[in-house]
Every structure is written in structure tokens, then in C-alpha cells.
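Listed here are the chains, written in short residue letters.
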Amino acid sequence: MPELPEVETTRRGVSPHVLQRKILRIVVREPRLRWPVPESLGEALPGQRFTSVGRRAKYLLFECSRGVLLAHLGMSGSLRIAPAEEPPGKHAHVDLVFDNGKVLRYTDPRRFGSLLWQPAGAGEHPLLRDLGPEPLGGNFDGELLYRKSRGRRTAVKPFIMDSRIVVGVGNIYACEALFLAGIHPARACGRISAPRYRRLAGAIRAVLGKAIGAGGTTLRDFSGGEGRPGYFRQQLHVYGRGGEECPHCRGSLRERRLGQRATVFCPACQR
Ligand SMILES: [Zn+2]
């Protein structure tokens, strides 16, 4: 599943090819994504130019003067740049055709992703309104985690994966960050001190920053904006390594389900 680093890698990969390029037309071969592709896109986009390609949580925001095209990659979606003459694959559901002979191609075998339209002047899209801060932005730190966790009994791992607290901390990154911070994933979030949350916030930033630098984690499902796979998985400390040796203490890493997600940790190093 594309996580925040893959989405950011996509943003960086496709931006230079589409920014300020005139959109000639949109080709929708299959409108049935998680929500139907809005028919209004066919009227709104032709003749427009994207002035920025941003990201909020796992949404890509393609902005032009008439509004914002929101793209979410769902479970198996990808956006890449292709030459206009390249025949679409079986699951290439939508193309945006530009005046430079290139198309921005949305491919999604499982169709859990979405393309949505928010007209200019309509404010922030409802899907974005209740989201917590960006983990790599200036509004996220250990103080925020400490404050929001007081009086709560939730385990710390689902707490940091809650997008109302902070966005983009997927399962892999939560496991890695908790290991680096030495915090047990099942510990009640309301019982963790401010200094430990400062360490955890730093670890979350470090893990996500490193994953973005490597182009994302998922080797199988994901190709970067220009078709390059990510190599971050090879650098993981604990995720996918249940039963293997802890890289710190040489004890055995343990795997269990927590909030229905596979969770790997070291019972000796994480408390
Ligand atoms: Zn250990």
C-alpha cells in the first residue's frame, strides 16, 4: 500500500513534468474508483495549467485556477508520467493529457483510490478538514503527542497511527519509530513522559525522512513517479523481522497483533 513516503516520492517525481503545462484533455476509461471520477473534470481541466502540486497526508493536490484535483492512491494506485503514445495497461483508468506529449496516468488494479475535484473558493475539502499535522512539518513535535495523549488509555502504536493526531504514520513506520525511541508499542499512550515523546517525535521524523530519501518502502506495488522502485525496505530494523535478532541487544524480536496490525518489537529494548 502506498504510504506517505511513496506519495511524497510520487509528488516529487511527477511535478516537473506537469507544472505549468497546458492540459489538453482527460481520458477516463474506468470511472468506478472508490468514489466515481467526477464528470465535471472533463469541463474543468482542459485548457488549465497546474500551478502547484502539493501533498496533504496521503492526498496529492494538483492546483489550477479553477480548483484542486485531489488524488489518493488507495491500496494499489500509482501515478506516473508516460509518453502519450504508450498504450495504456489493463488497469490504467485515467489519463491527463498535456501539451508536451506526456500523460499523467492513474493506474489502480484494486480501484480503492480516488480522484476528486474541489472547485476554487469552496474551502478545504471535507476529507482534509479533520486531519492532524504533517509529521515532517513545523506543527508536529513531542509536545503535541504528550498533550493529546493525556488521560487516554489507547496503546501508543494505534495512537500515533491515528490521522487525527498526526498524519502519515503507517504500520511499518510506527513499528520502526517505536523501536528507535525504545517505547513498547502496547504501552498506554497517557503514561508516557514528555521527554520520551520528544524522542518518539524525532524518531518518526527520522524514519519518514529516510524513507522519502530512499523513494518509499514498497518494492512490489509501487513505482516512483518515473518508474523507479523504492529501496527503503532493506533498511528496516524490526518490521518484517519477527523472530530475528534484535539489532541492538541480539535478543529475539517478537511479533504480535496490535489493533489488528502486525507489530514487531524487542521486549528487552522497548518498555
Ligand atoms: Zn533488543
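Our subject is the structure that appears above.
Structure report, in brief. Each residue is numbered by its place in its chain's sequence as written, counting from 1. The model is predicted, so local features are restricted to residues of pLDDT at least 70 and side-chain atom pairs to those at 80 or more, both for listing and for counting; the totals for chains, interfaces and linings are taken over all residues. Only hydrogens and water are set aside; all other atoms, that is, all heavy atoms of the structure, feed into the side-chain values.

With that settled, consider the overall build of the chain. Elements are defined by DSSP. Helices are runs of H or I of four residues or more, strands are runs of E of two residues or more, and each kind is numbered from the N terminus. Counting secondary structure elements, the chain contains seven helices and 10 strands. Expected size for 271 residues packed as a compact globule is a radius of gyration near 18 Å; at 20 Å, the chain falls within 12% of this value. Each of the three principal axes of the chain carries a C-alpha extent, and together these read 60 × 35 × 30 Å. Burial here depends on accessible area, computed with a 1.4 Å probe over protein chains only, as a share of the maximum for the residue type. Under 20% is buried, over 50% is exposed, and the range in between is partly exposed. Residue burial in the chain is summarised as follows: out of 271 residues, 51% are buried. Note that the radius of gyration is over C-alpha atoms, with the globule rule given as 2.2 Å times the number of residues to the power 0.38.

Once that is clear, we can look at the coordination of the zinc ion. By definition of the ideal shapes, a tetrahedral metal site with four donors has angles of 109.5 degrees and an octahedral site with six donors has angles of 90 or 180 degrees. Note: metal donors comprise N, O and S atoms at 2.8 Å or less from the metal (3.2 Å for Na, K and Ca); water molecules are not included, so apparent gaps in a site are possible. The zinc ion binds to the protein through C246 (SG), C249 (SG), C266 (SG) and C269 (SG); the donor distances cover 2.2 to 2.4 Å. Viewed at the metal, the four donor atoms of the zinc ion are separated by angles of 104 to 113 degrees, and the geometry they form is tetrahedral. Summarised as a motif, the one-chain spacing of the donors to the zinc ion is C-x2-C-x16-C-x2-C. Here the residue C249 occupies a position in the loop between helix 7 (194-214) and strand 9 (254-258), and C266 occupies one in the segment after strand 10 (261-265), the gap between them amounting to 17 residues. For C249, a relative accessible area of 37% translates into the label partly exposed. For C266, a relative accessible area of 1% gives the class buried. Every geometry call rests on angle ranges, with four donors termed tetrahedral when all angles are between 85 and 135 degrees, four termed square planar and six termed octahedral when opposite donors are over 155 degrees apart and all others are between 65 and 115, and everything else termed irregular.

So, on to the sheet that holds strand 5 (residues 78-83). The sheet built from four strands is open, its strands ordered 1-6-7-5 with antiparallel pairing. Every other strand in the sheet has two partners, leaving strand 1 (23-28) and strand 5 as the edge strands with one partner each. Taking each pair of neighbouring strands and ignoring which way they run, the sheet shows an average axis angle of 20 degrees. As defined by bridge partners, strand 5 adjoins strand 7 (residues 102-107) across six bridges and the pair is classed as antiparallel. Following DSSP output, two strands are said to pair if at least two bridges run between them. Think of each axis as a best-fit line through the C-alpha atoms, taken over the contacting stretch in the case of a helix, with angles from 0 to 180 degrees between the N-to-C directions.

Another aspect to go through is empty space enclosed by the protein. Buriedness of a pocket was judged along seven lines, with at least five required to meet protein on both sides within 12 Å; pockets are open sets of points on a 1 Å grid over the protein atoms alone, cavities are sets where a 1.4 Å probe fits but cannot get out, and lining residues have an atom within 4 Å of a point. Grid points are joined across faces, edges and corners, and a volume is the space filled by probe spheres set on the points. If you walk through the whole model with that rule in mind, you get one cavity of 30 Å³ or more. Approximately 80 Å³ is the volume found for the largest cavity. Every residue along the wall of the largest cavity is listed here: I26, L41, L45, F62, L69, L79, V94, D95, L96, L104, Y106 and L115. Those elements giving two or more residues to the lining of the largest cavity turn out to be strand 6 (92-98) and strand 7.

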